[in-house]
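Architecture at a glance
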Amino acid sequence: MNASLTGRRALVTGGASGIGAACARELAARGAHVTVADVDGDGAKAVAQEVGGEAWVVDLSDTRALDDLRLDTDVLVNNAGIQRVSPLQDFVPDDFRLVHRIMLEAPFLLVRAALPGMYERGWGRVVNISSVHGLVASPFKSAYVSAKHGLEGLSKVTALEGGEHGVTSVCVNPGYVRTPLVEKQMAEQARVHGIPESEVLARVMLAESAVKRLVEPHEVAALVGWLTGPDAAMVSGASWTIDGGWSAR
Ligand SMILES: NC(=O)c1ccc[n+]([C@@H]2O[C@H](COP(=O)([O-])OP(=O)(O)OC[C@H]3O[C@@H](n4cnc5c(N)ncnc54)[C@H](O)[C@@H]3O)[C@@H](O)[C@H]2O)c1
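Residues numbered from 1 in each chain as written. Predicted model: local features only at pLDDT ≥ 70, side-chain atom pairs only at ≥ 80, totals over all residues. Heavy atoms only, no water.

Defined as follows: UniProt positions are given in the numbering used here, feature names are shortened, and annotations may be inferred rather than shown by experiment.
The protein is annotated in an unreviewed UniProt entry as 3-hydroxybutyrate dehydrogenase from Promicromonospora thailandica. Recorded in UniProt for the protein, the comment headed Sequence similarities (unreviewed entry) runs: "Belongs to the short-chain dehydrogenases/reductases (SDR) family."

In structure tokens:
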């Protein structure tokens, strides 16, 4: 494995599960000391122990608590996320706000907290785990789609401000990935689309993808790893799809 991150510190939010855990493993394998930040304390500690890093048990929906934060990290992976599926007219306002706090406000506050240290050292990598839903929409996901579109904008501004300081910022845009987040929304998707749960995968999740399977977490993590490496120093302000061709339509 390429040891491109030897001596660097990395922070992965939502690192206790799914894509975040795969990213923690990838960045640690590249030599980084990884902080696994998650509201799931046991999960964060287990992954931290596995990768020889440390856990930060934090509820990223409590954004006011992050206002004065300072972070000493060279790589920041904004990954923590949740999903809520409902037609707009029924969407619970507090659910919308919760999605935006975790998936847009918290990434802003963590970038804000990490940039001074990155600027001081003249090097930094911000990787935002967006989604194909950062680029296109699907019905019933108003909070998620709008938070991810916002994250795309935040990433571009970070890229523009960070460039002269050696800091890049990118988005990674997966289609449906085999993680608990997807398993948890099967029943809700069946309900809002009016179809049996057994048909959600084929008729909803893989309908737009040219490659008819879920993305694996390690495939997303491998892309994240490359984006933090020396060959990606000129990759900034961009969005990297890994969606089996979904967004080519
Ligand atoms: N799974 C997919 O199909 C898919 C596709 C595209 C993008 N994504 C994005 O990838 C990211 C990770 O998703 P995943 O599928 O690995 O989900 P997951 O549910 O497996 O993991 C998400 C992690 O975020 C943590 N988290 C949730 N709320 C938190 C909070 N308030 N504070 C701190 N941590 C919190 C959870 O505890 C969990 O460990 C999300 O941003 C998601 O939007 C996922």
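Now that the structure has been shown, we can carry on.
1. Describing the overall build of the protein
Convention followed: Where helices and strands are cited, they refer to DSSP runs of H or I of at least four residues and of E of at least two residues respectively, numbered from the N terminus. We compute the radius of gyration from the C-alpha atoms alone; for a globule the expected value is 2.2 Å times N to the 0.38, where N is the number of residues. For every residue, the accessible area obtained with a 1.4 Å probe (protein chains only) is divided by the maximum for its type, and the residue is called buried under 20%, exposed over 50%, and partly exposed between those limits. We call two residues in contact when some of their heavy atoms are within 4.5 Å.
When helices and strands are counted, the protein shows eight helices and seven strands. Relative to its length of 249 residues, the protein is compact, with a C-alpha radius of gyration of 17 Å against a globular reference of 18 Å. The dimensions of the protein, computed from C-alpha atoms along their principal axes, are 55 × 35 × 35 Å. Taken over 249 residues, the protein has a buried fraction of 52%. In the protein, the share of contacts with a sequence separation of at least 24, taken over all contacts with a separation of at least 6, comes to 69%.

2. As for the site of the ligand
Selection rule: Any residue with at least one heavy atom within 4 Å of a molecule or strand is counted as near it. Any N or O atom pair separated by 3.5 Å or less is treated as a polar contact, with the protein-specific requirement of one donor-capable and one acceptor-capable atom, and with residues adjacent in sequence counted only for side-chain atom pairs. Residue exposure ignores everything except the shown protein chains as possible cover, and the areas themselves are Shrake-Rupley values with a 1.4 Å probe. Here a cavity denotes a set of grid points, spaced 1 Å apart and computed over the protein atoms alone, in which a 1.4 Å probe fits but from which it cannot get out, and a pocket denotes an open set meeting protein on both sides within 12 Å along at least five of seven lines; residues with an atom within 4 Å of a point are reported as lining. Assignment of a molecule to a cavity or pocket requires that more than half of its atoms lie within 2 Å of the corresponding grid points. Under the grouping applied here, Gly and all other residues not named as nonpolar or charged are polar, the nonpolar ones being Ala, Val, Leu, Ile, Met, Phe, Trp, Tyr, Cys and Pro and the charged ones Asp, Glu, Lys and Arg.
Taken together, 30 residues sit near the ligand, with S17, D38, Y144, V177 and T179 positioned nearest. V39 has a polar backbone atom sitting 3.3 Å from a nitrogen atom of the ligand. Here a nitrogen atom of the ligand sits 2.9 Å away from a polar atom, N or O, in the main chain of L60. Protein contact buries 93% of the 820 Å² of open area that the ligand shows by itself. When atom positions are compared with the pocket grids, the ligand is found to occupy the largest pocket. Among the elements of the structure, α1 (18–29), α4 (142–162) and α5 (180–184) are those that each provide at least two residues to the shell around the ligand. Along the lines of polarity and charge, the residues of the shell around the ligand split into 16 nonpolar, 10 polar and four charged.

3. Focus: unusual backbone geometry
Look at F140: it is not a glycine, yet its phi comes out positive at around 75 degrees. Tracing the backbone through its elements, the reader meets F140 in the loop between β5 (124–129) and α4. Judged by its relative accessible area of 25%, F140 falls in the partly exposed class.

4. Thoughts on the packing of aromatic side chains
Here is the rule: When the centres of two rings from Phe, Tyr and Trp lie within 6.5 Å, Trp using its six-membered ring, the rings pair. Their planes under 30 degrees apart give stacked, over 60 give edge-to-face, and anything left gives tilted. Only when the NZ atom of a Lys or the CZ atom of an Arg is both within 6 Å of the ring centre and within 35 degrees of the ring normal do we say a charge sits over the ring.
Summed over all chains, the structure comprises three aromatic pairs. Ring plane angle 25 degrees and centroid distance 5.8 Å describe the contact between Y176 and W246, whose orientation is recorded as stacked. Of this pair, Y176 sits in the loop between β6 (167–174) and α5 while W246 sits in the segment after β7 (239–242), and the two are 70 residues apart along the sequence. Neither Y176 nor W246 differs from the other in exposure class; each is buried. Note that R8 overlies the ring of W123, its terminal NZ or CZ placed 3.7 Å from the centroid.

5. Observations regarding the pattern of salt bridges
When charged atoms on two side chains of opposite charge get close, those side chains can pair. What counts here: By salt bridge we mean one thing: a side-chain nitrogen of Lys or Arg within 4 Å of a carboxyl oxygen of Asp or Glu.
Across all of its chains, the model carries 11 salt bridges by this definition. For R203, the salt bridge is made with E199, and the minimal N-O distance between the two is 2.5 Å. The exposure class assigned to E199 is partly exposed, which follows from its relative accessible area of 30%. Measuring nitrogen to oxygen at the nearest pair gives 2.9 Å for the salt bridge that ties R213 to E219. E219 sits in the partly exposed class, given a relative accessible area of 23%. Connected via shared salt-bridge partners are D72, D74 and R121.

6. A closer look at the layout of surface pockets
It is the rolling of a water-molecule-sized probe over the atoms that shows where space remains empty. Threshold: Grid points are joined across faces, edges and corners, and a volume is the space filled by probe spheres set on the points.
Of the pockets and cavities examined, the largest pocket occupies roughly 840 Å³. For the lining of the largest pocket, the secondary-structure elements that each account for two or more residues are α1, β2 (33–38), α3 (93–121), α4 and α5. For the lining of the largest pocket, the class distribution of residues is 20 nonpolar, 14 polar and eight charged.

7. Remarks on the environment of A159
Tracing the backbone shows A159 in helix α4. In the structure, A159 is positioned 33 residues away from V126 in sequence and 8.6 Å away in space, judged by C-alpha atoms. Among residues more than four places away in sequence, those in contact with A159 are V167, S169, S236 and G237.

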